[in-house]
Structure formats: structure tokens, C-alpha cells
Amino acid sequence: MRKLLIPLFSVAVLVSCGTAKTSSDSASKATSSVYKGDKAFLAAYKEIKADDLKKNLYVIASDEMGGRDTGSPGQKKAGEYMINYYKNLGIGYPKVLGSYYQKVPADFMKKRGGGNLPDSENILAFIEGSEKPEEIVVVSGHYDHVGTQNGVVYNGADDDGSGTVAVMEIAKAFQAAKKAGNGPKRSILFLHVTGEEHGLFGSEFYTDNPVFPLANTVVDLNIDMIGRDDPENRGKQYVYVIGSEMLSSQLKVINEAANKRTNNLELNYKYDDPNDPQRLYYRSDHYNFAKNNIPVAFFFDGIHEDYHKPTDDVEKIDYKLLEKRTQLVFATAWDIANRAERIVVDKK
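This section reports on the structure supplied with the text. What you are looking at is a predicted structure, and each value in this text was computed from that prediction instead of being measured.

## Description of the packing of helix H9 (residues 251-261) against helix H11 (residues 319-338)
Following both chains from N to C, one finds H9 and H11 inclined at 125°, their axes separated by 9 Å at the closest point. When the interaxial angle is binned, H9 and H11 end up oblique. Judged by the twist between their axes, the crossing of H9 over H11 is right-handed. Here Leu-251, Ile-254, Asn-255, Ala-258, Asn-259 and Arg-261 of H9 lie close against H11, whose contacting residues are Leu-328, Ala-331, Thr-332, Asp-335 and Ile-336. Each residue belonging to the contact of H9 with H11 can be placed in one class, and the counts come to six nonpolar, three polar and two charged.

Listed below in C-alpha cells is the structure:
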């Protein structure tokens, strides 16, 4: 997650999620039983495993990747590993893009305060929907970190290695369902963005240059740091959820229903308030979707003692909790991708 606070832009999404209420009509429409007792869902859900998350994270957040700074050789090596993972699963890329890569030019980043960063790439994997392929559910996470400083590698196992491998694992689960003849009705875009730590550059570039029309983008479920706990919640089975009712009265209801039907984590809405001093609603890649009026939910574990330090390493990840949080995002995505009607955008 980006360390520096993003300025408070004047946008139409500033609704306090801590006090917002959903109408009974919207809530009833949102609480779909699309996967309740569904064997297809349960089979795919069980594909998400702590051991697999750990295996991938030990590669993504290894010293060999050099801290994955934007455009660095280590980041590109991590990207190659991710692409090979998708190829081995039989998950392709958006046909219109022509490859897994969406180039994010150095000039684009420089104009937005990116200094002398080199060209970099977003990585996009894609599963086409079976019934509503034009409608896109985005599952995102940034795969860059802050690199190597004074000869010390900042591995970023939690930030955002945990989100990176979660997106990969969710893709595996959807692909397993597709192979079993139960692919998602809507298309799923697995979006690994670059340049987040320097200014949310990769997600801004994507929303400025969308591979699929933003008007067809149903939601962005963004995962940034879900492998640890913070001092306030030490030892708890929880996750912070940010922004889930900023733009849609249904998304928070859907996510809460998914949670109750799965691991029943404690959903913490502390940072939902746009006036919170941390301003977390503005500090990860979901924000570039939200400012384009696309509903978002940001999944986050909090600011822990190793945040943006060289001690954010793989051995400190709680892999079982990472599994549960990943399963929650998958369950939420499954519902949104397979429900009869697209979720509403009914807040400004």
C-alpha cells in the first residue's frame, strides 16, 4: 500500500460508510443465494489453500525479486513468474490486449510525480463469462513494492505480496470451476497493477486506458495487505473492509452475506470513514475505479510494525488467515459474477 497520503480530491464518492443505511428493497435484492449450498461454488472455494498461497509468496517476496520496485528487473521477474502461473492453469489474457502485459510508460508516471521510473507493466489475466461476457468483475492487487534500499531488500511479503498471491489463487479457483463446466456468468479480470507505491500509477493508467469499457465494469475488489494483523487486532480473525457502500447499497450486503456463509471473519469498518486521519480509502488502487463511479471494496489487514520495513518477510505471514481472507474475496466475487442482475450504482 502506498505510504504517502493521497490528497483529498473533490469527488462525488464522499459518503460515510459508517452510518450509511441500505433500503430493505436493495438489501433483499443483494442477498442472493446464488451459491448457498452450491456444489460448484464449494468445489472451487476449496481450491484456495494456505499451502499454495505460501508456495507462491515464497517466490514473489523472495530476495531474488529485489523488492519489486516499479520497472525493476526484480519486478519483471516476478511478473514472469505470475504469467507462467496463469499459462500453466490455462488462463489467458484479454484478446483485445494481445498479451498479459499492459505497458505503463515512464512518461505517464513522470507527469504524475513518478520521477525517473522506467517503463513498467500491468499484468492482466482473464476468464471470459459464459452468459454476460461484456460485464467485467475486476479483482485487483498491486505487485510492486519499494525495492532495495542501501543494499537491503524490502521484500514486501504482506505489501502487497499477500494480495498478489491472493489474486492468483482466486483465479485458480474460478478456472477450476470453469473446467468443471461452471465458469462465471460475467467475465473476471485479474488485474495486477504496477506503480502503486509511487502514486497508484498502474491503476490510474488502466482506468485512463481501460482494456474493457469502464461503463461495463461492475466492481473492483481490491486486495492490498491481507496476510498479517495489526496491534489493534492482534490474534483476531478479522479483515478491514473499506469503501464497500460508498457507491452501491448492495455491495456491502453481498460481502457480509458471503462472509457469514464462509469463514465468518470479523469485518472491521474503522477506515470506512473518509474523514479518518489515515485516509485509506484514497491510498490503494481501488480509488481509481471509485473515482470513475465503479463500486469498490478494499480488503486490508491494517498498519503493522513491519509496514514498509525490510522486516516485512514471508515467515511473518499468517497463512491460514490469508487463506480465509482470500476465500472471502472469492466468495464475494463469485456472487457478483453469477447473480442474475448487475449490482446497482445508487449512491453519489
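## Considering the side chain of Gln-75
Checked against the element boundaries, Gln-75 lands in helix H4 (residues 73-89). Residue class for Gln-75 comes out buried when judged on its relative accessible area of 0%. Of the polar contacts made by the side chain of Gln-75, one reaches the side chain of Thr-194; its length is 2.8 Å. Once you skip the residues sitting within four places of it in the chain, Gln-75 turns out to touch Met-65, Arg-68, Asp-69, Thr-70, Ser-120, Tyr-143, Asp-144 and Thr-194.

## Quick notes on the side chain of Asp-301
As for its position among the elements, Asp-301 is in the loop between strand E10 (296-300) and H11. Within the buried core, Asp-301 has no salt-bridge partner, and the shortest N-O distance to an opposite charge, that of Arg-325, equals 4.2 Å. Here Asp-301 is in contact with Asp-158, Met-225, Ile-226, Gly-227, Arg-228, Asp-229, Asp-230, Tyr-238, Tyr-240 and Arg-325, once residues within four sequence places are set aside.

## Concerning the environment of Gly-183
Structurally, Gly-183 is set in the loop between helix H6 (157-179) and strand E6 (186-193). C-alpha of Gly-183 to C-alpha of Leu-267: the two residues are 84 residues apart in sequence and 28 Å apart in space. Beyond its immediate chain neighbours, meaning those up to four positions away, Gly-183 contacts Ser-130, Ala-177, Lys-178 and Asn-338.

Conventions adopted
Residues numbered from 1 in each chain as written. Predicted model: local features only at pLDDT ≥ 70, side-chain atom pairs only at ≥ 80, totals over all residues. Heavy atoms only, no water. Axes fitted to C-alpha atoms, helices over the stretch in contact; angles between N-to-C directions. Helix = DSSP H or I, 4+ residues; strand = E, 2+ residues; numbered from the N terminus. Parallel < 35°, antiparallel > 145°, perpendicular 65-115°, else oblique. Left-handed = near helix turned anticlockwise from the far one by under 90°. Contact = heavy atoms within 4.5 Å. Nonpolar A, V, L, I, M, F, W, Y, C, P; charged D, E, K, R; others polar. Buried < 20%, exposed > 50% of the residue type's maximum accessible area, 1.4 Å probe, protein only. Polar contact = N/O pair within 3.5 Å; in protein donor to acceptor, adjacent residues only side chain to side chain. Lys, Arg positive; Asp, Glu negative; His and termini not counted. Salt bridge = Lys/Arg side-chain N within 4 Å of Asp/Glu carboxyl O.

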